[in-house]
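# Descriptive structure summary
If you want the building blocks of each chain, they are given just below.
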Amino acid sequence: MTFTSGPVRVRVPATSANLGPGFDALGLALGLHDDVAAEVIPGGVRVAVTGEGAGELPADDRHLVVTSMRAAFDVLGGQPPGLALECVNRIPQARGLGSSSAAIVAGVLLARGLVVDGAERLDDHAALRLAAEIEGHPDNVAPCLLGGFTVAWTEPTGARAVSLAVADGVRPTVFVPAERGLTAAARAALPATVPHADAALTAGRAALLVHALTAEPDLLLPATVDRLHQDYRAEGMPGTAALVKALRAAGVAAVVSGAGPTVLALTEPPASFDAGTEWQRWELPIDVSGGRVTRGRLGHAERGPVAAGRKS
């Protein structure tokens, strides 16, 4: 195995998973990005982080991008002597916008880009399977890798996904609180079984949601009804549950983003809608490209506020 000379950089999008009824299956890539550059060096591991998570995230082999790179290098055929990593993070940490999936996908793509024939050794299907294995489920890593609106599932051979084009009338807005959430705690709130009627209703709405997102956005409000996970998690995120309820009462197709606490609106909230001072409101485009790899170091554009992809 031969490593490339010089740095490789990757841009990975934020993601919102579940989208209401599509629990652990549906996801959407959003135009808010982390930029990461990596280079093979003679020895050791160096990690520099600016933006979200700066001063909190580990600066050594424990960093999630590095551990994901290590996993990918094992699949590719060998470890480099050392790694230098620069991360410019804009995706909020532990808010339900896929920050961990972005780190995992960034690591897998960077490792592949640092190997001369990496794309042949680890194609997109294998990259998705590996990212899903690291994350534990494919609903966030799929849109992060592929872009757009994705439907993901798991077979005995691993994760698979398809990316679908989104209809023009879908205009995502996220409401991001200062508080953080923990995916593990949110999953622990879910019951082992649910009533058959709730499962049947949610399955029907998930199917309708695929049509609404890709062809008929006017159906997004009924298509985002969920009885599998959001109500069970409401007690642990009362502010999130209240905001979802208020938005839906105003006719907005709002859901919990991933495991929360961020709220995602798939249709545009009224300009007069006031979520309160504890929420930051960002209008984000849909990212249709997914993870993008280029050669070279991070430049001014990747480090600047415009690259954040959101209104300041």
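So, here's what we can say about the structure.

What counts and how
- Residues numbered from 1 in each chain as written.
- Predicted model: local features only at pLDDT ≥ 70, side-chain atom pairs only at ≥ 80, totals over all residues.
- Heavy atoms only, no water.
- Helix = DSSP H or I, 4+ residues; strand = E, 2+ residues; numbered from the N terminus.
- Rg over C-alpha atoms; globule rule 2.2 N^0.38 Å.
- Buried < 20%, exposed > 50% of the residue type's maximum accessible area, 1.4 Å probe, protein only.
- Areas by Shrake-Rupley, 256 points an atom, 1.4 Å probe, with all protein chains shown as cover.
- Lys, Arg positive; Asp, Glu negative; His and termini not counted.
- Charge placed at Lys NZ, Arg CZ, Asp CG, Glu CD.
- 1 Å grid on protein atoms, 1.4 Å probe; cavity = no way out; pocket = protein on both sides within 12 Å on 5 of 7 lines; lining within 4 Å.
- Points joined across faces, edges and corners; volume = space filled by probe spheres on them.
- Nonpolar A, V, L, I, M, F, W, Y, C, P; charged D, E, K, R; others polar.
- Pairing = 2+ DSSP bridges.
- Axes fitted to C-alpha atoms, helices over the stretch in contact; angles between N-to-C directions.
- Contact = heavy atoms within 4.5 Å.
- Salt bridge = Lys/Arg side-chain N within 4 Å of Asp/Glu carboxyl O.
- Polar contact = N/O pair within 3.5 Å; in protein donor to acceptor, adjacent residues only side chain to side chain.
- Disulfide = S-S within 2.5 Å.
- Phe/Tyr/Trp six-rings, centres within 6.5 Å; stacked < 30°, edge-to-face > 60°.

The number of helices and strands found in the protein chain is eleven helices and eleven strands. The C-alpha radius of gyration of the protein chain comes to 19 Å, within 12% of the 20 Å expected for a compact globule of 312 residues. The buried share among the 312 residues of the protein chain stands at 52%. For the protein chain, the accessible surface area stands at approximately 13200 Å², while carbon and sulfur atoms represent 55% of it. For the protein chain, the centre of its 26 positive side-chain charges and the centre of its 32 negative side-chain charges are spaced 3 Å apart.

Moving on, we get to the layout of surface pockets. One number sums up the size of the largest pocket: a volume of about 600 Å³. Lining the largest pocket are 39 residues, with Ala 94, Gly 98, Ser 99, Ser 100 and Glu 135 positioned closest to its centre. Put simply, the parts of the chain that give the lining of the largest pocket at least two residues each are β1 (8-17), β2 (26-41), α1 (64-76), β4 (82-89), α2 (99-113) and α6 (183-188). No other element matches the five residues that α2 contributes to the lining of the largest pocket. Each residue belonging to the lining of the largest pocket can be placed in one class, and the counts come to 17 nonpolar, 14 polar and eight charged.

Another aspect to go through is the sheet that holds strand β9 (residues 263-265). Taken in spatial order, the four strands of this open sheet run β8-β9-β7-β10, and their pairing is antiparallel. A single partner strand is all that each edge strand has here, and the edge strands are β8 (254-256) and β10 (279-283). Neighbour-to-neighbour, the strand axes of the sheet open up by a mean angle of 20°, direction not taken into account. In terms of strand pairing, β8 meets β9 through three bridges, oriented antiparallel. Residue pairing for β9: Val 256 is matched across the bridge by Val 263. In the packing of helix α10 (residues 238-249) onto the sheet, contacts are made with β7 (173-177), β8, β9 and β10, and the angle to β8 comes to roughly 165°.

Further remarks concern the environment of Ala 37. Turning to its location among the elements, Ala 37 is positioned in strand β2. When the C-alpha positions of Ala 37 and Pro 7 are compared, they lie 6.5 Å apart, and in sequence the two are 30 residues distant. In contact with Ala 37, not counting residues within four places along its chain, are Val 8, Arg 9, Ala 84, Leu 85, Glu 86 and Leu 298.

The subject of this paragraph is the side chain of Asp 226. Looking at where Asp 226 falls in the secondary structure, it is placed in the loop between α8 (220-223) and α9 (230-233). Buried charged residue Asp 226 carries no salt bridge. Nearest counter-charge: Arg 233, at 7.7 Å. Polar contacts involving the side chain of Asp 226 include one to the main-chain amide nitrogen of Leu 228, which spans 2.8 Å. Here Gln 230 takes part through its backbone nitrogen, which lies 2.9 Å from a polar atom of the side chain of Asp 226. Discounting chain neighbours no more than four positions away, the residues touching Asp 226 are Gly 20, Pro 21 and Thr 202.

What follows covers the state of the cysteines. Evaluation of the coordinates by the stated rule reveals zero disulfides. This cysteine, Cys 87, is not joined by any disulfide, and Cys 144 carries the nearest cysteine sulfur, 13 Å off.

All right, on to the packing of aromatic side chains then. Scanning the entire structure with this criterion turns up two aromatic pairs. Ring plane angle 80° and centroid distance 5.8 Å describe the contact between Phe 3 and Phe 73, whose orientation is recorded as edge-to-face. Of the two residues, Phe 3 is situated in the segment before β1 and Phe 73 in helix α1; the sequence distance between them amounts to 70 residues. Classification of Phe 3 by relative accessible area gives partly exposed; the value is 23%.

This part is about the pattern of salt bridges. Summed over all chains, the structure comprises eleven salt bridges. For the salt bridge of Arg 297 with Glu 39, the shortest nitrogen-to-oxygen distance reads 3.1 Å. Pair noted here: Arg 297 is in the loop between β11 (292-295) and α11 (300-303) and Glu 39 is in strand β2, with a separation of 258 residues, a long-range link. By relative accessible area, which is 53% here, Arg 297 ends up exposed. Asp 61 is the partner of Arg 70 in a salt bridge, and the nearest nitrogen-oxygen pair spans 3.2 Å. Here the salt bridges do not stand alone but share partners, grouping Arg 11, Asp 35 and Arg 90 into one network.

Interpretation note: all reported values are geometric properties and have no functional meaning in isolation.
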